[in-house]
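# Examining the three-dimensional arrangement
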Amino acid sequence: MTILIGVIIGTFVMAGLDLIFPIVVRYLINEILPSKNMHQLFIGSGVLLFLYIVNFIVQYAVQYYGHIMSASIEHDMRSELFRHIEKLSFHYFDNEKTGQLLSRITSDVTEISDLAFRGPNDVLLCGVIMAGTLIVMLLMNWKLAIIIGTLLIAKSIHTVKVNRAMKKSFRKNRVKAGEVSARAEESLSGIRLVKAFAQEGFELKRFIDKSRELRDTKFESYRLVAYFSSGINFFTNIINVVVLLGGGMMIAGGTLTVSDFVAFLLYVNIFMRPVFRLTILAEVYQRGMAGFHRFEEIMKTEPLIKDSREPASVKDIRGDIVFENLSFGYDPNHLVLHDLNLSIPAGQTVAFVGETGAGKSTLVNLLLRFYEPTKGRITLDGKNLKDFRQQDLRRQIGIVQQDVFLFSDSIAENISYGKENAKKEEIEEAARLAAAASFLTNLPAG
């Protein structure tokens, strides 16, 4: 909160200093130069230099602490998004591509953080400068100010129309970027399979197709940005011509002094700087909002499997497992298991044998509550699995999966993954029981 207040105050100071500069220049031209008082000229120039230095310091502080604030927001949002994704059920991950999720966790959140600081800061700074500049110009010469104001209204209407097109284009960009990430992630994750079947060319073609789609959508967004930016530049030049023509006529008619004319030109340039800044902000805004909509989409997704408000205790678990009238299908309209009844007493060893797709892994997934039964129930020591907290239940079950996954940590950390702060002796015993001790002792540093 302290940083936010400091940034807001600094933004107002920056805006105020920008509005003071032309007044000082106008004073020097109007009062000091005609008198040829070099002492006063040096003093006035020194004041102007001092204001420039103050403006530099304030601008540096606002930019630095503002980006610190946005980086903190990015960290919080990314952490919250990752925490929420971890809570989602297996059904969600069955239907979502990992690359799309990675794109949302990384690039989408970064785009939002860019907007988090630059959006409010630029709007506040530009709003104060533009409003202040218009007021000063109206006080200096209301006729010229009204002409410029009319041009600005016309440009604003045009800007709103272009912004709508940019919004659609940047949202499409975010979707296509996620598809490229998903395509790359799938191909690289299955690289052994790709090489085994000599499908490198096929996978390359699929990746290039997705990358080409992203490139084409970027072409459209870049066309809009280029049109918007060049339009602003053209509009600025038109205003300069109008001020030069109108101001020249007024000077010739004796209704405007040269010093006021110079100050007016300076204020026009000061006014147009925020317009350029808002042009860049428009691009940042569209990218940030596209990322925010995708962020919000995930955050609104509720996990299908939720814990009971009063979970049952997992202490003194014996291990009696019963499947009662169990039916299940990953798609509720196509069941994999039909009315299964099975009782497994504690301590008994049971093997499930069957062809691929018969439901062997599905039974284990249901026991771990990765999925909920479509019909029927599973009990552990006579209690419905739904009564247990998911994490408590899974800590009681040891599982060796078909697809082995290793984290990019040490071997010891991979072995002790399911138990925090495991002792060295426990890790070595686990390695021995897995028949890996002899292999591990031959590795560098054991």
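The structure contained in this document is the topic of the report that follows. (Residues numbered from 1 in each chain as written. Predicted model: local features only at pLDDT ≥ 70, side-chain atom pairs only at ≥ 80, totals over all residues. Heavy atoms only, no water.)

### What about helix H9 (residues 360-367)?
Two residues of an α-helix separated by three or four positions point the same way, owing to the 3.6 residues in each turn. Looking at H9, one finds that the buried residues are Thr362, Leu363, Asn365, Leu366 and Leu367. On its buried face, H9 sits against strand E1 (321-328), strand E2 (337-344), strand E3 (375-380) and helix H10 (390-395). Backbone geometry just downstream of H9 places Arg369 in the positive-phi region, at approximately 60°. (Buried < 20%, exposed > 50% of the residue type's maximum accessible area, 1.4 Å probe, protein only. Helix = DSSP H or I, 4+ residues; strand = E, 2+ residues; numbered from the N terminus. Contact = heavy atoms within 4.5 Å.)

### Thoughts on the packing of helix H1 (residues 2-35) against helix H4 (residues 98-140)
In helix packing, the relevant descriptors are the interaxial angle and the interaxial distance, both defined with respect to the helix axes. With their axes 9 Å apart at the nearest point, H1 and H4 run at an angle of 30° to one another. When the axes of H1 and H4 are compared, the pair comes out roughly parallel. Here H1 and H4 pass one another in a crossing that is right-handed. Contacts between H1 and H4 involve Val7, Ile8, Thr11, Phe12, Met14, Ala15, Asp18, Leu19 and Arg26 on the former and, on the latter, Phe117, Asn121, Leu124, Leu125, Val128, Ile129, Gly132, Thr133 and Met140. Grouping the amino acids of the contact of H1 with H4 by side-chain chemistry returns twelve nonpolar, four polar and two charged. (Axes fitted to C-alpha atoms, helices over the stretch in contact; angles between N-to-C directions. Parallel < 35°, antiparallel > 145°, perpendicular 65-115°, else oblique. Left-handed = near helix turned anticlockwise from the far one by under 90°. Nonpolar A, V, L, I, M, F, W, Y, C, P; charged D, E, K, R; others polar.)

### Some remarks on the side chain of Asn384
Relative to the assigned elements, Asn384 resides in strand E4 (residues 383-384). Here the side chain of Asn384 touches Lys386 through a polar contact of 3.0 Å, landing on its backbone nitrogen. (Polar contact = N/O pair within 3.5 Å; in protein donor to acceptor, adjacent residues only side chain to side chain.)

### Brief notes about the packing of helix H2 (residues 38-87) against H4
Across the interface, H2 lies against H4 with an axial gap of 8 Å and an inter-helix angle of 145°. Here the hand of the crossing between H2 and H4 comes out right-handed. Broken down by class, the residue content of the contact of H2 with H4 amounts to 13 nonpolar, eight polar and three charged.

### Here we look at the pattern of salt bridges
Scanning the entire structure with this criterion turns up 24 salt bridges. The salt bridge involving Glu186 is made with Arg183; its shortest N-O contact spans 3.2 Å. Highlighted residues: Glu186 and Arg183, both in helix H5 (residues 142-189), separated by three residues, approximately one helical turn. With a relative accessible area of 11%, Arg183 lands in the buried category. (Salt bridge = Lys/Arg side-chain N within 4 Å of Asp/Glu carboxyl O.)

### Some details on the nonpolar core
Counting 33 residues, the largest nonpolar core has Met137, Ile148, Ile239, Val243, Phe264, Val268 and Met272 as its most contacted members. Within the residue set of this core, elements represented by two or more residues are H1, H2, H4, H5, helix H7 (200-252) and helix H8 (258-299). A total of nine residues in this core trace back to one element, the largest contributor, which is H8. What Met272 contacts, discounting residues up to four positions off in sequence, is Phe235, Thr236 and Ile239. In terms of nonpolar packing, the next biggest core, distinct from the first, is built from 19 residues, Phe323, Phe328, Leu363 and Leu385 among them. (Core = buried A, V, L, I, M, F, W, Y, C linked by side-chain atoms within 4.5 Å.)

### Here we look at the environment of Leu440
Examined against the element boundaries, Leu440 turns out to sit in helix H13 (residues 437-441). A sequence separation of 230 residues divides Leu440 from Lys210, and the C-alpha atoms of the two residues are 43 Å apart.

### Considering unusual backbone geometry
Trans is the common state for peptide bonds, and a negative phi is the common state for residues other than glycine. At Asn325, a residue that is not glycine, the phi angle is positive and equals roughly 45°. With respect to the element layout, Asn325 can be found in strand E1. Residue classification places Asn325 among the partly exposed positions, given a relative accessible area of 43%. Positive phi values are uncommon outside glycine, yet Arg369 reaches one of about 60°. Position of Arg369 among the secondary structure elements: in the loop between H9 and E3.

### Here we look at the packing of aromatic side chains
With the rule as written, the count across this model stands at seven aromatic pairs. Relative to Tyr65, the ring of Tyr64 has its centre 5.0 Å away and its plane inclined at 75°; by these criteria the two rings are edge-to-face. Each member of the aromatic cluster is reached from another via a ring pair, and the members are Tyr60, Tyr64 and Tyr65. (Phe/Tyr/Trp six-rings, centres within 6.5 Å; stacked < 30°, edge-to-face > 60°.)

### Focus: the pairing of E3
The sheet contact formed by E1 and E3 spans five bridges and is antiparallel. In the strand pairing of E3, Ser327 is matched with Lys375. Pairing analysis gives two bridges linking E3 to E4, with the strands arranged antiparallel. Pairing of Leu380 across the sheet is with Lys383, part of E4. What sits between E3 and E4 in their antiparallel hairpin is a turn of two residues, with Asp381 showing a positive phi close to 55°. (Pairing = 2+ DSSP bridges.)

### Quick word on the environment of Gly119
Within the secondary structure, Gly119 is located in helix H4. Linking Gly119 and Arg183, residues 64 residues apart in sequence, is a C-alpha distance of 32 Å. Ignoring anything within four residues of it in the chain, the contact list for Gly119 reads Asp114 and Leu281.

Keep in mind these numbers describe shape, not what the thing actually does.
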